[in-house]
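Fold and geometry: a report
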Protein chains: 2
Amino acid sequence: MLSNIRIVLINTFHPGNVGAIARAMKNMGLTNLYLVDPNDYPSDEATSRAAGAVDLLENATIVPTLEEAISDCSLVIGTSARHRTFQLPIMNARECAESVIPEAVHHNVAIVFGRETTGLLNEEIAQCHRQVYIDANDEYPVLNISQAVQIVAYEIWMANQHKDFPAKNSSQQDSLEYPHKKDMDLFYRHLEDTLYGINFIVRNHPGKVLDKLQRFFNRSRPEKQELGILRGVLAAVQRETGLTEANNHPEKPDKHSEKQDN
Amino acid sequence: MLSNIRIVLINTFHPGNVGAIARAMKNMGLTNLYLVDPNDYPSDEATSRAAGAVDLLENATIVPTLEEAISDCSLVIGTSARHRTFQLPIMNARECAESVIPEAVHHNVAIVFGRETTGLLNEEIAQCHRQVYIDANDEYPVLNISQAVQIVAYEIWMANQHKDFPAKNSSQQDSLEYPHKKDMDLFYRHLEDTLYGINFIVRNHPGKVLDKLQRFFNRSRPEKQELGILRGVLAAVQRETGLTEANNHPEKPDKHSEKQDN
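Scoring rules and cut-offs
Residues numbered from 1 in each chain as written. Chains lettered and ligands numbered in written order. Predicted model: local features only at pLDDT ≥ 70, side-chain atom pairs only at ≥ 80, totals over all residues. Heavy atoms only, no water. UniProt positions renumbered as here; feature names shortened; annotations may be inferred. Salt bridge = Lys/Arg side-chain N within 4 Å of Asp/Glu carboxyl O. Helix = DSSP H or I, 4+ residues; strand = E, 2+ residues; numbered from the N terminus. Buried < 20%, exposed > 50% of the residue type's maximum accessible area, 1.4 Å probe, protein only. Axes fitted to C-alpha atoms, helices over the stretch in contact; angles between N-to-C directions. Parallel < 35°, antiparallel > 145°, perpendicular 65-115°, else oblique. Left-handed = near helix turned anticlockwise from the far one by under 90°. Contact = heavy atoms within 4.5 Å. Nonpolar A, V, L, I, M, F, W, Y, C, P; charged D, E, K, R; others polar. Least-squares fit on C-alpha atoms with pLDDT ≥ 70 in both. Pairing = 2+ DSSP bridges. Right-handed = clockwise from strand over helix to strand, strands pointing away. Polar contact = N/O pair within 3.5 Å; in protein donor to acceptor, adjacent residues only side chain to side chain. 1 Å grid on protein atoms, 1.4 Å probe; cavity = no way out; pocket = protein on both sides within 12 Å on 5 of 7 lines; lining within 4 Å. Points joined across faces, edges and corners; volume = space filled by probe spheres on them. Domains from an automatic or database assignment. Buried area = accessible area lost by both parts, 1.4 Å probe.

If you look chain A up in an unreviewed UniProt entry, it shows as tRNA (cytidine/uridine-2'-O-)-methyltransferase TrmJ from Marinomonas vulgaris. If you open the UniProt record of chain A and go to Subunit (unreviewed entry), you find "Homodimer." The record in UniProt for chain A states the following under Subcellular location (unreviewed entry): "Cytoplasm".

Written out as structure tokens, the structure is:
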């Protein structure tokens, strides 16, 4: 189960932190490390700080973009300080662990950590379904990244050790199938094409509409079946407005003619 | 309340760890750092890793021995891996935090961390009332010391934030007054003198007896009043066997003559 949980680090600056994180993960039974475009890596400093967890570094997956790190995940959780202008559903590390454990029985889960100094960008948070923060002193709340990973991993270990709750939750979870990130991306592309097709947005000037819709759907987290229905709706809209998925970039589409007639 | 909780580090080897620990503590609202005979300290590496917690380094108390770091504490908790040949009452970090918070309302509490490579020596553990361990992967359970402090401090922060339990416990705790470590030391000296006086032990060859007694009393943690009673008993033994506290190093004491006659 813990092997379905991956830690994703974006643009780490200090390789020593990557080593410390590998050790922190292995201490808590996590093995699956993704590095998105790390700075100064591989490095002796990382290897030294990893101590007995060098195997995690050797097996780490290095990718150029966040998308590639999470495309097969059905739950993506971004770490950040408590307050964001735009808020996804937000949990502390303990609540996060309790929600992740039953989920990870059947699905890949990613927990994404941002840069040492600046954290996650808004467009990266927008790719997440949930946000997690670490309870801390309001006067000095920013933890070193390796310490933040340690606490999140520790809470996961604790939740996994003392899981009386998954017995309750797992039947629920079993019946829920969540789409992979890449399926959500296909849905968003379909949505964009459709919105463009019905002149709801102007391509290349989509404004904030698409962002807001994406955030909405990420937050609401459709199940696989629900996503199928949503895509069916989009396909139906396209069909009814004279568009097809293969023909969804017309310069001037027939403006939802039949729909309006009904 | 959190200011009554101190973190004690014994013989840290890497000054970077001290800096990381200062940051980890401040993140969780702890301010009180004691360094017992640290290696290579002060150091730029410590200052750099402390980031916004340099004030904790500046205010740290540096002492040559563990005794001096804990003499005014009424609860001393040693960190170590789960299994020890000799076991004090043992708690995980969460249980530790829940027991420390109500206690720290009125008393000084020390949490003691050993060396990076070898941890606490047995004679150091013997000065503790309780042991704390961190739940971790059995196959790779040893955390970096700064990560261990982070988790212990985090659990203390969490317990302090979500303390519905102290309401229950604090009235209990209020009525219990525990002696300071230095009072316990006086008791142990009194005990040793008395045991010597009654020829229960041979001075300079005390064997394991004193160690075992000390462990027993540390584990059972007498209250202040109870310690007073115990010392009264020792004084009475000395008086009855012809010893006084001022005259307790005789070369050949009268061997508990009156006691045996009774």
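We are not done yet, so read on.
What follows covers the pattern of salt bridges. For the structure on display, the rule yields 17 salt bridges over all chains. E155 of chain A serves as the salt-bridge partner of R94 of chain A, at 2.8 Å between the closest nitrogen and oxygen. Here R94 of chain A is found in helix α5 (residues 93-103), whereas its partner E155 of chain A is found in helix α7 (residues 145-161), with 61 residues between them in sequence. Assigned by exposure class, R94 of chain A and E155 of chain A land together as buried. Measuring nitrogen to oxygen at the nearest pair gives 2.5 Å for the salt bridge that ties R221 of chain B to E103 of chain B. Separated by 118 residues along the polypeptide, R221 of chain B in the loop between α10 (209-220) and α11 (224-240) and E103 of chain B in helix α5 (residues 93-103) bring together distant segments of the chain. Accessibility expressed as a relative area gives 8% for R221 of chain B, which makes it buried. The buried category is assigned to E103 of chain B, whose relative accessible area is 3%. When salt bridges with common partners are traced through the structure, they connect R94 and E155 of chain A together with R94 and E155 of chain B into a single cluster.

As a further point, take the packing of helix α9 (residues 181-197) of chain B against α11 of chain B. Residues and elements named next belong to chain B. Between α9 and α11, the least distance of the axes is 10 Å, while the angle of their chain directions is 25°. In terms of orientation, α9 and α11 fall into the roughly parallel class. Once α9 is placed against α11, the crossing between them reads as left-handed. For the pair formed by α9 and α11, the contact residues are D183, M184, L186, F187, H190, L191, D193 and T194 on the first element and L227, L230, R231, L234, A235, V237 and Q238 on the second. Of the residues assigned to the contact of α9 with α11, the class counts are 9 nonpolar, 3 polar and 3 charged.

Relative to chain B, chain A is turned by 180° and slid 0.0 Å along the rotation axis, the superposed coordinates differing by an RMSD of 0.1 Å. Here the two chains are linked by the operation of a two-fold rotation axis. The residues that chain A uses at the interface reappear at the interface of chain B in 100% of cases, marking a shared surface.

Residue and element names in this part refer to chain A. The element strand β1 (residues 5-10) is largely enclosed, with a buried count of 6 among its 6 residues. Alternating residues of β1 divide into I5, I7 and L9 and R6, V8 and I10, and every residue in both groups is buried. Sheet topology note: the β1/strand β6 (residues 109-113) ladder contains 5 bridges and is parallel. Paired with L9 across the bridge in β6 is F113. Sheet topology note: the β1/strand β2 (residues 32-36) ladder contains 5 bridges and is parallel. Residue pairing across strands places R6 opposite N32, the latter belonging to β2. Taking the sense of rotation as the criterion, the β-α-β connection linking β1, helix α1 (residues 15-27) and β2 turns out right-handed.

This part is about α5 of chain A. The periodicity of an α-helix, 3.6 residues per turn, causes residues three or four positions apart to be oriented the same way. All names here are of chain A. Among the 11 residues that make up α5, 8 are buried, leaving the element largely enclosed by the rest of the structure. Among all positions of α5, only A93, R94, C96, A97, V100, I101, P102 and E103 are buried. Between a side-chain oxygen at the N-terminus of α5 and the backbone nitrogen of R94 the separation is 3.1 Å; the capping residue is N92.

Now for the layout of surface pockets. Residues and elements named next belong to chain B. Here the second largest pocket defines a volume of roughly 240 Å³. Looking at the second largest pocket, it is lined by 13 residues, and the ones nearest its centre are E67, E123, Q127, D185 and Q214. Among the elements of the structure, α6 (122-125), α9 and α10 are those that each provide at least two residues to the lining of the second largest pocket. Of all the elements, α9 adds the most residues to the lining of the second largest pocket, at 4 residues. Here the residues of the lining of the second largest pocket sort into 2 nonpolar, 3 polar and 8 charged. Split by domain, the lining of the second largest pocket shows at least three residues from each of two domains, domain 1 (2-175) and domain 2 (181-261).

Moving on, we come to the sheet that holds β2 of chain A. Residue and element names in this part refer to chain A. Here 7 strands make up an open sheet; going across it, the order is β3-β2-β1-β6-β4-β7-β5 and the pairing parallel. Since the sheet does not close on itself, it has two edges, and those belong to β3 (61-63) and β5 (90-92), each with one partner. Neighbouring strand axes in the sheet, compared pairwise and without regard to direction, differ in orientation by 25° on average. In the sheet, β5 pairs with strand β7 (residues 130-133) via 3 bridges, with the strands oriented parallel. The residue bridging I90 from the neighbouring strand is Q131, located in β7. Against the sheet, α5 engages β1, β4 (75-79), β5, β6 and β7, with an angle of about 105° to β5.

Moving on, we get to the interface of chain A and chain B. Tallying the contact residues gives 32 residues for chain A and 32 residues for chain B. Of the roughly 2700 Å² buried between chain A and chain B, counting both surfaces, carbon and sulfur atoms make up 50%. Seen at the junction of chain A and chain B, the total is 20 residue pairs in polar contact (both at pLDDT 80 or more). Where the side of chain A that touches chain B is concerned, the elements lending two or more residues are α1, α2 (44-50), α5 and α7 of chain A. With 8 residues, the top contributor of residues to the side of chain A that touches chain B is α7 of chain A. Among the residues forming the side of chain A that touches chain B, the class breakdown is 17 nonpolar, 9 polar and 6 charged.

Residues and elements named next belong to chain B. Here the structure, examined in full by the defined rule, presents 3 cavities of 30 Å³ or more. If you add up the space inside the largest cavity, you get close to 40 Å³. Considering the residues around the largest cavity, the lining is formed by S74, H129, Y178, P179, M184, F217, N218, R221 and P222. Here the lining of the largest cavity is built from residues that sort into 5 nonpolar, 3 polar and 1 charged.

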